[in-house]
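Architecture and fold: a report
The primary structure of each chain is shown beneath.
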Amino acid sequence: MCMILIQWCYFALTAFVTGFAVLAPFERRGGYRVRSAVSVLMAGLLALNVYAQYFSLFAGVGLFANALLCVFVAAAAAVLRKRIKSFFKRKMEETGRGRLFLYGFLVLLFAYGSSRGYMHYDTGLYHAQSIRWIEEYGVVPGLANLHSRFGYNSAAFALCALYGGAGLTKYPMHCVQGFFALLCAVQSASLLDLFRRRRAVLSDFLAAGCVFYLVAVFRELVSPASDYFAMLILFFVAMSWAQLLERRESSPVPYALLSLYLVYGATVKLSAAGMLVLALYPGVLLIRQRKWGQIACYLGLGALIALPWLARNALISGWLFYPFTFADFLPVDWKISKGYADSDAAEIQVYAKEIFDVYQKNQPFSVWFPNWLAAQSALDRILVAFAWLAVPVSALRLAAGTAKRAVALQKRARPECREWGWEGFALLEASALLGFLIWQFGAPLVRYGYFFVLFLPLTAFGGLYVRFFGKGRGFRTFAALLVAFLLYRGYNLGNMVLELCGEPYYIYQQDYGEWPAETYEVDGVTIYVPLDRGQIGYEKFPSSPVVQSIELRDGKTVESGFRQKGVNGRAGEE
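Model, not experiment: these values are computed from the prediction.

Thresholds, definitions, all that
Residues numbered from 1 in each chain as written. Predicted model: local features only at pLDDT ≥ 70, side-chain atom pairs only at ≥ 80, totals over all residues. Heavy atoms only, no water. Helix = DSSP H or I, 4+ residues; strand = E, 2+ residues; numbered from the N terminus. Buried < 20%, exposed > 50% of the residue type's maximum accessible area, 1.4 Å probe, protein only. Polar contact = N/O pair within 3.5 Å; in protein donor to acceptor, adjacent residues only side chain to side chain. Contact = heavy atoms within 4.5 Å. Expected span 1.5 Å × (residues − 1). Phe/Tyr/Trp six-rings, centres within 6.5 Å; stacked < 30°, edge-to-face > 60°. Lys NZ or Arg CZ within 6 Å of the ring centre and 35° of its normal. Axes fitted to C-alpha atoms, helices over the stretch in contact; angles between N-to-C directions. Parallel < 35°, antiparallel > 145°, perpendicular 65-115°, else oblique. Left-handed = near helix turned anticlockwise from the far one by under 90°. Nonpolar A, V, L, I, M, F, W, Y, C, P; charged D, E, K, R; others polar. Salt bridge = Lys/Arg side-chain N within 4 Å of Asp/Glu carboxyl O. Patch = residues over 30% accessible without salt bridge, like charges linked within 9 Å, V, L, I, M, F, W, Y side chains within 5 Å. Areas by Shrake-Rupley, 256 points an atom, 1.4 Å probe, with all protein chains shown as cover. Pairing = 2+ DSSP bridges.

Notes on the side chain of His120
Structurally, His120 can be placed in the loop between helix H5 (97-115) and helix H6 (121-136). Given a relative accessible area of 7%, His120 falls into the buried group. Side-chain polar atoms of His120 contact the side chain of Arg447, separated by 3.3 Å. Beyond its immediate stretch of four places on either side in the chain, His120 contacts Glu220, Ser223, Tyr228, Arg447 and Gln535.

Right under this line is the structure:
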């Protein structure tokens, strides 16, 4: 735990200065002042994740990558020292002692949660190995031939490698996901503003949903699972988006910046791509203002964020969006076969639907959904039921709002004066509806889409509540329910803290697991295979789930990459 706190100081310093540097041009030219330290830190983490991915295309992401980062941070801090000092002074004046005490408590709480707990199965299966590959080599062509799950290539693993402290600490650190959770917890502290403003707003419902999620995954923050990164990024964007609309922010800059976070979220977990519909809002604002240069700038930044992820996909698997094969134009010798990729994609879907037989993947919804629902926990069934109840409510709200808007425009009225920001709220609800439906009919494993299961009913029913009962007696009812909810979740969290307090991780973080393995050789390179053909951990490196019929592309070095035996005539040479 203590090592996590030290590591987080490094995270905060490098991410804040980097975030401040990358946001400075938007403040100068866009006329928008960043208000939140969380926004600065998230911008820094995004930029550093992209940096780590670009770096990985040329070398392992380790000590040298951090040395270059420190040089940049020192230079940026020197150049921006006056503005950074002014920012901190303003924030200290705005933040009361009670809020500062709360933030300090949250830091200790989430450092504790990140130091121990349940290590997700997939972390032992391939997450830890993916991170180590990035630390050691950056990227290796055809790595998915060694282990197909390396082809999933979450961008978050590059950030984990950058901040892993490989070679500098007793154990490899894996506390980046806990830092993301901490930032979302600080963002959720906006719930306290409810009692000052004395009316409920949509962001209160979203913040409550984020609190629910943070408590639900608290035991698992020790695991660098890509699902958690993606869900936390989406909660941050949704809360920030609603808060911007609620304070009647008219500048397109902050909405465009949040759209860039959504591009980043899609590189962390492709299932988050449905939220990109939100990017239409700043796009329309900029088109109305004829700011073509800014449109080109944001499109270029989005491409800059996605490019290293796409390049890594192509190098690791030979596909741009593995395991999806709709983009098939890379004629490389390390390419995973289309049949295997399609089978892998089908397995993800049928496993998530509780079917477990790829030949039955086309079962109608009426057949697989009841079986799937019965297999979920009682709480998850309740959440899914509320989400399905919200589907028609959300659809009707969007249809009614669109019709009302069309009538107002036909009468040449100015609806934005009567119902400011309707498009922004409508797109937020549309993204909730779209995201839930894509998740439910695609790969409905709850941990893949916990955000969407919560987000849809919160926007649909929360939006109705705010519209009709946000003030007066309705506010008092909501405030009472919120306090009861927070006390209940606090009780759940307290039980978890007590359950984990006996674990000896107050100095160092709980290490990755380790499992017995056997070995085989690929052109002189020793490969570990777990005895149960499942989890392997971090230390036994490199590994594959089974003995693979593969070879080194040049027959000599790992850096050259892996391919299936027999490609380009090397079969039987040995």
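Some thoughts on helix H21 (residues 472-500)
Under the 1.5 Å per step criterion, the end-to-end length of H21 is 42 Å for 29 residues, consistent within 8% with the ideal 42 Å. Along H21, the residues classified as buried are Gly474, Phe475, Phe478, Ala479, Leu482, Arg489, Asn492, Leu493, Met496 and Leu500. The inward-facing, buried residues of H21 contact H5, helix H9 (193-197), helix H10 (202-216) and helix H20 (446-469).

Structural notes on the packing of aromatic side chains
One pass over the structure, following the stated rule, counts 50 aromatic pairs. With centroids separated by 5.4 Å and ring planes inclined at 70°, the aromatic side chains of Tyr213 and Tyr450 adopt a geometry described as edge-to-face. You can see Tyr213 sitting in helix H10 and its partner Tyr450 sitting in helix H20, a full 237 residues away along the chain. An identical accessibility class is assigned to Tyr213 and Tyr450; each is buried. Directly above the ring of Phe212 sits Arg489, whose terminal nitrogen or CZ lies 4.3 Å from the centroid.

A closer look at the packing of H10 against H21
The geometry of H10 relative to H21 is characterised by a closest axis approach of 10 Å and an angle of 15° between their N-to-C directions. In terms of their interaxial angle, H10 and H21 are classed as roughly parallel. The hand of the H10/H21 crossing is left-handed. Residue-level inspection shows Asp204, Phe205, Ala208, Val211, Phe212, Val215 and Ala216 of H10 in contact with H21, the latter providing Phe478, Leu482, Phe485, Leu486, Arg489, Asn492, Leu493 and Met496. Here the contact of H10 with H21 is built from residues that sort into 12 nonpolar, 1 polar and 2 charged.

Describing the pattern of salt bridges
Applying the stated criterion across every chain yields a total of 19 salt bridges. Between Lys91 and Glu94 there is a salt bridge whose closest N-O contact spans 3.3 Å. Here Lys91 and its partner Glu94 are both found in helix H4 (residues 81-94), 3 residues apart, which amounts to about one turn of the helix. Residue classification places Glu94 among the partly exposed residues on the basis of a relative accessible area of 48%.

Some points on a nonpolar patch on the surface
A cluster of nonpolar residues, Leu192, Phe195, Val483 and Leu487, forms a patch on the protein surface that exposes about 360 Å² of accessible area. Here Leu487 lies in helix H21. Looking at Leu487, the relative accessible area reads 61%, which means it is exposed.

Some words on unusual backbone geometry
In this structure, the amide linkage connecting Tyr322 to the following residue, Pro323, adopts the cis form with an omega of 10°. The residue Pro323 is located in the loop between helix H14 (292-317) and helix H15 (338-352) in this model. With an omega of -5°, the peptide bond between Phe541 and Pro542 qualifies as cis. The topology assignment puts Pro542 in the loop between strand S2 (525-530) and strand S3 (550-552). In this structure, Arg248 is a non-glycine residue whose phi angle is positive, near 60°. Relative to the helices and strands, Arg248 is located in the loop between helix H11 (226-246) and helix H12 (252-268).

Considerations on the pairing of S2
Here 6 bridges tie strand S1 (residues 517-522) to S2, and the two strands are oriented antiparallel to one another. Each bridged residue has a counterpart across the sheet, and for Ala517 the counterpart in S2 is Pro530. Between S1 and S2, which pair antiparallel and follow one another directly, the connecting turn spans 2 residues, one of which, Asp523, has a positive phi of 50°.

A few points about the environment of Gly561
In this fold, Gly561 is placed in the loop between S3 and strand S4 (562-564). C-alpha separation for the pair Gly561 and Leu143, spaced 418 residues apart in sequence, amounts to 6.5 Å. In this view, Gly561 contacts Val140, Pro141, Glu551, Leu552 and Arg553; residues no more than four positions away in its chain are not counted.

What to know about the side chain of Ser203
Of note, Ser203 is situated in helix H10. Of note is the side chain of Ser203, whose polar atom sits 2.6 Å from the side chain of Glu246. Filtering out sequence-adjacent residues up to four positions away, Ser203 remains in contact with Met239, Ala242, Gln243 and Glu246.

Shape is all these values report; function is a separate question.
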